[in-house]
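Below are the chains, spelled out letter by letter.
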Amino acid sequence: MTIEKYITVFGSSIPKEGDAEYEVAYKLGKVLGANGFGICSGGFQGIMDAVSKGAIESGSRAIGVTLNIYNSIPSKYLSENIVCSSLFERLNKLIEIGDGYIVLQGGTGTLLELALVWEYINKNMLEEKPFACHGKIWNEIVPIMEKQIESEKRKTGLCKCFENVEDCADHIMKSLKNKKPH
């Protein structure tokens, strides 16, 4: 399978196989992989493992961008592991590889990733790319931030929220359909 575009997926390292969040990420990886998209993630366990597993099982590729200061074990479902020496190098590589971004359930690390992508796009430090969130937490946080962004007279609507992971994947895939690879 030829991969022309990669979707960077952000999410928690905590969920285990069988947990709802893990299964959502696995389904997302399968859908994107089956449609010819490669996956990029932080490359460790939890949501990162699940989305990589889904992509690999669909015949696609999964790139992990790991950090060598953690004592974590990279996912066994990676086609490629890019090891970084600092958090900012890792964050920049995750953003650089992505032709689009999906933010799944997560904590402060995932919030940092969401905020960084949003800020880069909002400040024109990154070209506008498809950017979506899935999960209750983001459906509460993103509208609050949109009100602030609107009051600052900045561009709103950069980050779309979805309750259904298939709708989230469809949005990203349709948005990228006519874009050329980077």
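The paragraphs below set out a description of the structure included in this document. Keep in mind that this is a model prediction, so the values were computed, not measured.

The rules behind the values
Residues numbered from 1 in each chain as written. Predicted model: local features only at pLDDT ≥ 70, side-chain atom pairs only at ≥ 80, totals over all residues. Heavy atoms only, no water. Patch = residues over 30% accessible without salt bridge, like charges linked within 9 Å, V, L, I, M, F, W, Y side chains within 5 Å. Areas by Shrake-Rupley, 256 points an atom, 1.4 Å probe, with all protein chains shown as cover. Salt bridge = Lys/Arg side-chain N within 4 Å of Asp/Glu carboxyl O. Helix = DSSP H or I, 4+ residues; strand = E, 2+ residues; numbered from the N terminus. Phe/Tyr/Trp six-rings, centres within 6.5 Å; stacked < 30°, edge-to-face > 60°. Buried < 20%, exposed > 50% of the residue type's maximum accessible area, 1.4 Å probe, protein only. Pairing = 2+ DSSP bridges. Right-handed = clockwise from strand over helix to strand, strands pointing away. Axes fitted to C-alpha atoms, helices over the stretch in contact; angles between N-to-C directions. Contact = heavy atoms within 4.5 Å. Core = buried A, V, L, I, M, F, W, Y, C linked by side-chain atoms within 4.5 Å. 1 Å grid on protein atoms, 1.4 Å probe; cavity = no way out; pocket = protein on both sides within 12 Å on 5 of 7 lines; lining within 4 Å. Points joined across faces, edges and corners; volume = space filled by probe spheres on them. Nonpolar A, V, L, I, M, F, W, Y, C, P; charged D, E, K, R; others polar.

### Notes on a nonpolar patch on the surface
- A cluster of nonpolar side chains, namely Leu87, Phe88 and Leu112, defines an oily patch on the protein surface of about 280 Å² accessible area.
- Looking at the element boundaries, Leu87 is found in helix α3 (residues 87-97).

### Describing the packing of aromatic side chains
- Taken as a whole and judged by the stated rule, the model has 3 aromatic pairs.
- Taken together, a centroid distance of 6.4 Å and an interplanar angle of 15 degrees make the contact between Phe10 and Tyr101 stacked. Note that Phe10 is positioned in strand β1 (residues 5-10) and Tyr101 in strand β5 (residues 100-103), a separation of 91 residues in sequence. The burial state of Phe10 is the same as that of Tyr101; both residues are buried.

### Some words on unusual backbone geometry
- Here Asn124, not a glycine, exhibits a phi torsion of approximately 60 degrees, which is positive.
- Within the element layout of this structure, Asn124 appears in the loop between α4 (108-122) and β6 (131-134).
- In this structure Asn124 comes out as exposed when scored by relative accessible area, which is 69%.
- Of note, the phi angle at Lys153 is positive, near 60 degrees, even though the residue is not glycine.

### Quick word on the pairing of β6
- Here β6 shows two buried faces, one formed by Phe131 and Cys133 and the other by Ala132 and His134.
- Across 3 bridges, the pairing between β6 and strand β7 (residues 160-162) is parallel. Counterpart to His134 in the pairing with β7 is Phe162.
- On the question of chirality, the crossover connecting β6 to the parallel β7 by way of helix α5 (residues 136-151) is right-handed.

### Section: the sheet that holds β6
- Taken together, 7 strands build an open sheet; the order of strands is β4-β3-β2-β1-β5-β6-β7 and the sheet is parallel. Edge positions in the sheet fall to β4 (80-84) and β7, since each has one partner strand and no second. Sheet twist, expressed as the mean angle between neighbouring strand axes with direction ignored, is 25 degrees.
- Across the sheet, α4 is in contact with β1, β5 and β6; its angle to β6 comes to roughly 155 degrees.

### A few points about the nonpolar core
- Residues Trp118 and Phe131 are the most contacted members of the largest nonpolar core, which totals 29 residues.
- Elements with a minimum of two residues in this core: β1, β3 (62-67), β4, α3, β5, α4, β6 and α5.
- Counting residues per element, this core draws most heavily on α4, at 6 residues.
- Setting aside residues no more than four positions away along its own chain, Phe131 makes contact with Tyr101, Val103, Leu114, Val117, Trp118, Ile121, Leu158, Cys159, Lys160, His171 and Ile172.
- Within the second largest apolar cluster, 23 residues are counted, among which are Val9, Phe37, Leu104 and Met173.

### Here's the deal with helix α2 (residues 47-57)
- The buried count for α2 comes to 9 of 11 residues, which makes it a mostly enclosed element.
- All buried positions along α2 are accounted for by Ile47, Met48, Asp49, Ala50, Val51, Ser52, Lys53, Gly54 and Ala55.
- Tucked inside the fold, the buried residues of α2 contact β1, α1 (20-34), β2 (37-41), β3 and α3.
- Phi turns positive one or two residues past the end of α2, at Gly59, with a value near 85 degrees.

### Points about the layout of surface pockets
- Estimated volume of the largest pocket: approximately 330 Å³.
- Secondary structure elements with two or more residues in the lining of the largest pocket: β1, α3 and α4.
- Examining the composition of the lining of the largest pocket, we find that 5 residues originate from one element, α4, more than from any other.
- Split into classes, the residues belonging to the lining of the largest pocket amount to 9 nonpolar, 10 polar and 2 charged.

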